[in-house]
Amino acid sequence: MKSIQILTASLLLTMAVQAQNKQVKETTQTTTTTVKTADGDKKYVKEEKVQEVQNIELKPESPNTLNIEKKETPVIVTTTTKITNPDGSTRTVDIDRSAYYESKGKAYKVALDAAGYTMTYKNAKPALLRKTTTNSYIYQVNNQIAIGYFDTDGNLIIEKYDTKLDKVTSEKFGVVK
């Protein structure tokens, strides 16, 4: 019995002595949007969680010093967006691509919606972007369907197939920074 108590005490002491080797900062921002429709009010909840993790490292020890300075290390930022729809269903978006994009001198607004993104130009009917399993999006506006994806710079690329020319054309929508 005495050996169990000594083991427990030593285990608790070793846990208390361990140093933290990471600095973590988490923030959560919740945005609630209410849309009035003919069917009544629909409430969308967008919860954005930002986590910043920085490893703690020390500079080399110099002789005749008591304290050791902390070395600057990169901060790794992870953003996760969780959207709750009026019907109670939720989806998680790793990277929120909502922004303004520009193509041929026109500015387009890309915004999250219940099933993907909407892309609007002024007051025109919005185009729909729906995520596929291959990290691309089905782009649909009026009777036109195309494939879209985001490149490494965050620009939106839409690839359309022209049946008359039997050719694929692409249009780049540059993200406005």
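Residues numbered from 1 in each chain as written. Predicted model: local features only at pLDDT ≥ 70, side-chain atom pairs only at ≥ 80, totals over all residues. Heavy atoms only, no water.

Peer 1: Please give an account of the side chain of Thr 118 that cites residues and values.
Peer 2: Mapped onto the elements of the fold, Thr 118 is located in strand S9 (residues 116-120). Its relative accessible area of 18% is what places Thr 118 among the buried residues. (Helix = DSSP H or I, 4+ residues; strand = E, 2+ residues; numbered from the N terminus. Buried < 20%, exposed > 50% of the residue type's maximum accessible area, 1.4 Å probe, protein only.)

Peer 1: Outline the layout of surface pockets, supporting the account with residue identities and numerical values.
Peer 2: Computed from the structure, the largest pocket encloses a volume of approximately 320 Å³. Every residue along the wall of the largest pocket is listed here: Arg 91, Thr 92, Val 93, Asp 94, Ile 95, Arg 97, Gly 116, Tyr 117, Lys 131, Asn 135, Tyr 137 and Phe 150. For the lining of the largest pocket, the elements supplying multiple residues, two or more each, are strand S6 (90-93) and S9. No other element matches the 3 residues that S6 contributes to the lining of the largest pocket. When grouped by side-chain class, the residues that make up the lining of the largest pocket number 5 nonpolar, 3 polar and 4 charged. (1 Å grid on protein atoms, 1.4 Å probe; cavity = no way out; pocket = protein on both sides within 12 Å on 5 of 7 lines; lining within 4 Å. Points joined across faces, edges and corners; volume = space filled by probe spheres on them. Nonpolar A, V, L, I, M, F, W, Y, C, P; charged D, E, K, R; others polar.)

So yeah, pure geometry; function would need other evidence.
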